[in-house]
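Topology and contacts: notes
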Amino acid sequence: MTGYRVSDVMTRRVVYLPAETTLDEAATVMREADIGDVVVTDGASLAGMLTDRDIVVRAVAERANPSSTTIGSITTREVVMIEQHATAGEAAALMRERGIRRVLVCDSDRKLVGIVSLGDLAMQLDPQSALSEISEQSPTV
């Protein structure tokens, strides 16, 4: 990962959904866009991030009704961000330190410009690695 910046490996397409979106609607959006996360908004504010794992671990395990439970009720509220010019190594260290798999990426004005995942970093480090293959093949909800 030496020499790579977060901006080199991040996903630039960010999908935003309002906190009032139901779990089944969010899962459909994620499946159709072939993504594992969405940014949750509360009006014009960033409310958090929702991952496919949040849907499975929090909602399914708690037997939440997917057609009436909102994503705002299970969203991870702690938003972890990294600046786009940080190194890929710094992003990996941040993920390891926080025990997370995805970090929101911002520009110098703290405007959201992308998302970097553990899979993005693995693909850059070694496109043939098992982690990269698993990351690519992991089904999203």
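Below is a summary of the structure that appears in this document. Everything numeric here is computed off the predicted structure, so don't read it as measured data. (Residues numbered from 1 in each chain as written. Predicted model: local features only at pLDDT ≥ 70, side-chain atom pairs only at ≥ 80, totals over all residues. Heavy atoms only, no water.)

**Some points on the overall build of the chain**
Looking only at helices and strands, the chain features six helices and six strands. In the chain, the share of contacts with a sequence separation of at least 24, taken over all contacts with a separation of at least 6, comes to 56%. Carbon and sulfur atoms make up 49% of the accessible area of the chain, which totals about 8000 Å². (Helix = DSSP H or I, 4+ residues; strand = E, 2+ residues; numbered from the N terminus. Contact = heavy atoms within 4.5 Å. Areas by Shrake-Rupley, 256 points an atom, 1.4 Å probe, with all protein chains shown as cover.)

**A word on the pairing of strand E5 (residues 102-106)**
For a regular strand, side-chain orientation follows a simple rule: the groups alternate between the two sheet faces. With respect to burial, E5 is a largely interior element, five of its five residues being buried. Residues Arg102, Leu104 and Cys106 point to one face of E5 and Val103 and Val105 to the other, with burial holding for every one of them. For strand E4 (residues 81-83) and E5, the ladder comprises three bridges, and the chain directions are parallel. Within E5, the residue paired with Glu83 across the bridge is Cys106. Each parallel crossover has a hand, and the one from E4 via helix H4 (residues 88-98) to E5 is right-handed. Inspection of the sheet shows E5 paired to strand E6 (residues 112-117) by five bridges, in the antiparallel sense. From the neighbouring strand, Arg102 faces E6, where its bridge partner is Ser117. Here E5 hands over to E6 after five residues, with Arg110 in that stretch at a positive phi of 65°. (Buried < 20%, exposed > 50% of the residue type's maximum accessible area, 1.4 Å probe, protein only. Pairing = 2+ DSSP bridges. Right-handed = clockwise from strand over helix to strand, strands pointing away.)

**As for the sheet that holds E4**
Strand order across the open sheet formed by three strands is E4-E5-E6, with mixed pairing between neighbours. Edge strands, defined here as strands with exactly one partner in the open sheet, are E4 and E6. Looking at each pair of strands side by side, their axes are set apart by 35° on average, direction ignored. H4 contacts E4, E5 and E6 of the sheet and is inclined by roughly 165° relative to E4. (Axes fitted to C-alpha atoms, helices over the stretch in contact; angles between N-to-C directions.)

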